[in-house]
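Chain residues, written in single-letter form:
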Amino acid sequence: MRGKAALTTIRRLVLLAAAAGPVLLWCQPARSPQVVAVRAGRLFDPASGTNRTNQVVLIRGDRITDVGAADRVQVPSGARVIDLSQATVLPGLIDAHLHTMGGPSGLQYQELLGLVNAQRDLRAGFTTIIDLGSHGGWYGPVELKRAIDAGLVQGPRMQVAGPVLSITPPGNASFPLNLKPAEPNLVADGPEAMRAAVRELAHYGATWVKLQTTGTFIFKPDGEMVNQALPSLEEIKAVVDEAHRRGMKVASHSYGDEGLKWALEAGVDSIQHAVDADDADIQTFLRKKMPLTATILDMREDEPGDLKRFAPYSRYRLMEKTWKKFLAAGMKLGFGSGAAEGRIFSEECHCSHGTQGEMFPIFVKWGATPVYTLRMATMTNAEIIGIQDSVGSVEKGKFADLIAVSGDPLADITEMQRVKFVMKGGEVVRNDLAGGPASSR
């Protein structure tokens, strides 16, 4: 029976990998000194918000060595040329809120699952991702990041939070009569226990702390949303202080009410959601220059359940109203999808990873310009996560993280759902554009 069970597990993993496309495992070759030249018909510049035409990007190893107009930047003899002269080239995208792992499966399965999901993200153009909670995978995302950084497998650049940090939540579990049930979160109560939990996260390689400051919510008959606060203000301050002492950043799951206000007061680095933020909260965001990342595809997926309980109110409908207020107020808004195992943002792939591009047209529908949304997923996100010197734009000295689409996303933002070329650190991940593989000059 054990052999049969093992065979069944192997078959499940093979089917998973087959459904996701090829899982890219490799021994990274030594960096070649050869220069790579990318010819870009249009090159999106997040700083100016414009497309620069007829550009050349020179790359050596994993870095950009020069970029500019073709009449200024000469392609060296012997360089490998990638012709994207009929396409729009953009900086690699950044998804600042997703979960590569999740569910009740064992850690070995979680690692394979995380690899498949991360590679889906990479092939969709997201060359940098922030895993904000392993959802049962514990420190699996840390190990996945290490494998990618070591060149054992191909995947996006990762920053990771490990398990979500939370207090013992009220009223949502049964009393364990025998063995204590496995908890997907890292549970701590009291400021000192919170500090100890942060130290554990740092010890096992997490670079972010994901803190859950609000829990259960309801909508009253008049549409008012009520959110249960979880940690106290003192506990949140302890987490922020300890994390910053360890060189870590703190992101909080905060819908509204005291849990959001305390997260803002305590100085977390990045608030997630804030679906029920009020006018006073918005003023605090502005005064403290704090960013907000609103995941929306997950709330859209949950809307039928919300409407069943609270019709005509739902988180997705409230998020639209609140996000429009954020935009009008001039807040710094990041791009994060909330993609996670078990989430289905696309029926075509029956998955959420690799489908994040659908967020661009939704934000445009909500009043943002195409330029604004592209900045969210490039320059703005790079600033939020603190690596603007390395990613977020196509500039000399930064990583050679490039993507390309056939059309012009400034004219049709849905082009971002059809990424056809991806390069991460000078290595071509995919090239589905006419012209095929790169050639030598």
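Bear in mind that the values here come from a model prediction, so they are computed numbers and not experimental data. Counting restarts for each chain: residues are numbered from 1 in the order of the written sequence. Per-residue local features are limited, in this predicted model, to residues with pLDDT of at least 70; the limit for side-chain atom pairs, both in listing and counting, is 80 or more; totals at the level of whole chains, interfaces and linings are taken over all residues. Only heavy atoms go into the side-chain values, all of them from the structure, while hydrogens and water stay out.

Chemist: Please provide a residue-by-residue account of empty space enclosed by the protein, values included.
Modeler: With a 1 Å grid spanning the protein atoms alone, the term cavity applies to any set of points in which a 1.4 Å probe fits but cannot get out, the term pocket to an open set with protein on both sides within 12 Å along at least five of seven lines, and the term lining residue to any residue with an atom within 4 Å of a point. Grid points are joined across faces, edges and corners, and a volume is the space filled by probe spheres set on the points. Evaluated as defined, the whole model comprises two cavities of 30 Å³ or more. Approximately 50 Å³ is the volume found for the largest cavity. In this structure, the second largest cavity spans a volume of roughly 40 Å³. The wall of the second largest cavity is formed by Ala-96, Ile-130, Leu-132, Trp-208, Ala-251, Ser-270, Gln-272, Thr-293, Ile-384 and Ile-385. For the lining of the second largest cavity, the class distribution of residues is seven nonpolar, three polar and no charged. Just so you know the grouping, Ala, Val, Leu, Ile, Met, Phe, Trp, Tyr, Cys and Pro go in nonpolar, Asp, Glu, Lys and Arg go in charged, and all remaining residues, Gly too, go in polar.

Chemist: Explain the sheet that holds strand β5 (residues 93-98) residue by residue, including any values.
Modeler: When DSSP finds at least two bridges between two strands, those strands are taken to pair. Secondary structure elements are defined from DSSP: runs of H or I of at least 4 residues count as helices, runs of E of at least 2 residues count as strands, and each element is numbered from the N terminus. Strand order in the open sheet made by the three strands is β5-β6-β7, with parallel pairing throughout. Bordering the open sheet on either side are β5 and β7 (157-160), each of which pairs with just one other strand. Averaged over neighbouring strand pairs, the angle between their axes works out to 15 degrees when direction is ignored. Both β5 and strand β6 (residues 126-131) contribute to a ladder of four bridges, which runs parallel. Following the sheet pairing, Ile-94 is matched in β6 by Thr-128. Contact criterion: two residues are considered in contact whenever any of their non-hydrogen atoms come within 4.5 Å of each other. Between the N-to-C directions of two axes lies an angle of 0 to 180 degrees, each axis being a line fitted to C-alpha atoms and, for a helix, fitted only over the stretch in contact. With respect to the sheet, helix α2 (residues 107-123) is in contact with β5 and β6, its orientation differing from that of β6 by roughly 140 degrees. Against the sheet, helix α3 (residues 140-149) touches β6 and β7, its axis set at about 155 degrees to β7.

Chemist: So what's going on with the pairing of strand β10 (residues 208-212)? Which residues, and what values?
Modeler: Burial analysis of β10 places four of its five residues in the buried class, the great majority of the element. Strand direction decides the pairing type here: β10 and strand β13 (residues 249-254), joined by five bridges, are parallel. When the bridges of β13 are listed, Lys-210 appears paired with Ala-251. Any residue under 20% of the maximum accessible area for its type is buried, any over 50% is exposed, and the rest in between are partly exposed; the area is computed with a 1.4 Å probe on protein chains only.

Chemist: Explain the nonpolar core to me, and be specific about the residues and the numbers.
Modeler: What we call a nonpolar core is a set of buried Ala, Val, Leu, Ile, Met, Phe, Trp, Tyr and Cys residues that are connected through their side-chain atoms within 4.5 Å. Counting residues in hydrophobic clusters, the biggest one holds 86 residues, and the most contacted among them are Leu-165, Ile-271, Trp-323 and Phe-326. Phe-326 has contacts with His-273, Ala-274, Ala-277, Ile-282, Leu-292, Met-319, Met-331 and Leu-333, leaving out every residue within four places of it along the chain. By size, the runner-up hydrophobic cluster in this structure holds 19 residues, among which are Ile-59, Val-67, Leu-402 and Phe-421.

Chemist: So, helix α11 (residues 370-384): which residues are in play, and what are the values?
Modeler: Working note: α-helix, 3.6 residues per turn, so residues spaced by three or four point in the same direction. Spanning 15 residues, α11 covers 20 Å between terminal C-alpha atoms, matching the ideal 21 Å at 1.5 Å per step. Every buried residue of α11 is listed here: Val-371, Thr-373, Leu-374, Met-376, Ala-377, Thr-378, Thr-380, Asn-381, Ala-382 and Ile-384. Working rule for helices: expected span equals 1.5 Å times residues minus one.

Chemist: Residues and numbers for the pairing of strand β12 (residues 225-229), please.
Modeler: As paired elements, strand β11 (residues 214-219) and β12 share four bridges and run antiparallel to each other. Residue pairing across strands places Phe-217 opposite Asn-227, the latter belonging to β12. What sits between the antiparallel neighbours β11 and β12 is a turn of five residues, in which Gly-223 has the positive phi angle 95 degrees.

Chemist: I'd love a proper account of the pattern of salt bridges, names of residues and values included.
Modeler: Each salt bridge in this description consists of a side-chain nitrogen of Lys or Arg and a carboxyl oxygen of Asp or Glu lying within 4 Å of one another. Enumeration according to the criterion identifies 27 salt bridges in this entry. Among the ionic pairs, Glu-301 bridges to Arg-343, the shortest N-O distance being 3.4 Å. Here Glu-301 is found in helix α8 (residues 297-310), whereas its partner Arg-343 is found in the loop between β16 (333-334) and α10 (359-365), with 42 residues between them in sequence. Assessed through its relative accessible area of 23%, Arg-343 is described here as partly exposed. We note a salt bridge from Lys-398 to Glu-395, for which the minimum N-O separation is 3.1 Å. On the basis of relative accessibility, which here comes to 10%, the residue Lys-398 falls in the buried class. Taken together, the shared-partner salt bridges in this structure form one network comprising Glu-192, Arg-195, Arg-199, Asp-241, Glu-242, Arg-245 and Arg-246.

Chemist: Any chance you could break down helix α5 (residues 233-245) for me, citing the residues and the numbers?
Modeler: The terminal C-alpha atoms of α5 lie 18 Å apart, and with 13 residues this matches the ideal 18 Å at 1.5 Å per residue to within 8%. All of the buried residues along α5 are Leu-233, Glu-235, Ile-236, Ala-238, Val-239, Val-240, Glu-242 and Ala-243. On its buried face, α5 is in contact with β8 (165-166), α4 (191-203), β10, β13 and α6 (257-266).

Chemist: Which residues make up the side chain of Arg-157, and what are the values?
Modeler: Considering the arrangement of structural elements, one finds Arg-157 in strand β7. Once residues lying within four places of it in the same chain are set aside, the contact partners of Arg-157 are Thr-127, Thr-128, Ile-129, Val-391, Phe-399, Asp-401, Lys-424 and Gly-425.

Chemist: Give me the packing of α4 against α5: which residues, what numbers.
Modeler: Close contact between α4 and α5 brings their axes to 8 Å; oriented N to C, the two are set at 30 degrees. Comparing their axes, α5 and α4 come out roughly parallel. The chirality of how α4 crosses α5 is right-handed. Contact with α4, carried on its side by Pro-191, Met-194, Arg-195, Val-198 and Arg-199, involves Glu-234, Glu-235, Ala-238, Val-239, Asp-241, Glu-242, Ala-243 and Arg-245 of α5 and no other residues of that element. A breakdown of the residues in the contact of α4 with α5 according to their chemical character gives six nonpolar, no polar and seven charged. Orientation categories follow fixed angle ranges, with anything under 35 degrees roughly parallel, anything over 145 roughly antiparallel, 65 to 115 roughly perpendicular, and all other angles oblique. Here is the rule for handedness: rotate from the far helix to the near one, and if that takes an anticlockwise turn smaller than a right angle the crossing is left-handed, while a clockwise turn gives right-handed.

Chemist: Outline the state of the cysteines, supporting the account with residue identities and numerical values.
Modeler: Whenever a pair of cysteine sulfur atoms sits within 2.5 Å, that pair is classed as a disulfide. As enumerated under the stated definition, the model contains one disulfide in all. Disulfide pairing is shown between Cys-349 and Cys-351; the S-S distance is 1.9 Å. Between Cys-349 and Cys-351 the disulfide shows an S-S torsion of about -95 degrees. By sign, it is left-handed. Cys-349 gets classed as partly exposed once you look at its relative accessible area, which sits at 32%.

Chemist: Break down the packing of aromatic side chains for me, with residues and values.
Modeler: Centre distance within 6.5 Å is the pairing criterion for rings of Phe, Tyr and Trp, where only the six-membered ring of Trp is used; planes under 30 degrees apart are then read as stacked, over 60 as edge-to-face, and the remainder as tilted. In total, this model carries 15 aromatic pairs according to the counting rule given. Judged by centre distance (6.3 Å) and plane angle (50 degrees), the rings of Trp-138 and Tyr-139 are tilted. You can call Trp-138 partly exposed: its relative accessible area is 27%. The exposure class of Tyr-139 is buried, given its relative accessible area of 13%. Judged by centre distance (6.0 Å) and plane angle (75 degrees), the ring pair of Phe-363 and Trp-366 falls under edge-to-face. Residue classification places Phe-363 among the buried positions, given a relative accessible area of 0%. The rings of Phe-126, Tyr-316, Trp-323, Phe-335, Phe-360, Phe-363 and Trp-366 are connected pair by pair, giving a single aromatic cluster. Looking at Arg-63, its charged tip hangs above the ring of Phe-399, at a distance of 3.8 Å from the centre. Between the NZ or CZ atom of Arg-157 and the centre of the ring of Phe-399, over which it lies, the distance is 3.6 Å. Our definition puts a charge over a ring when NZ of Lys or CZ of Arg is within 6 Å of the ring centre and also within 35 degrees of the ring normal.

Scope: geometric values only; no functional claims are made or implied.
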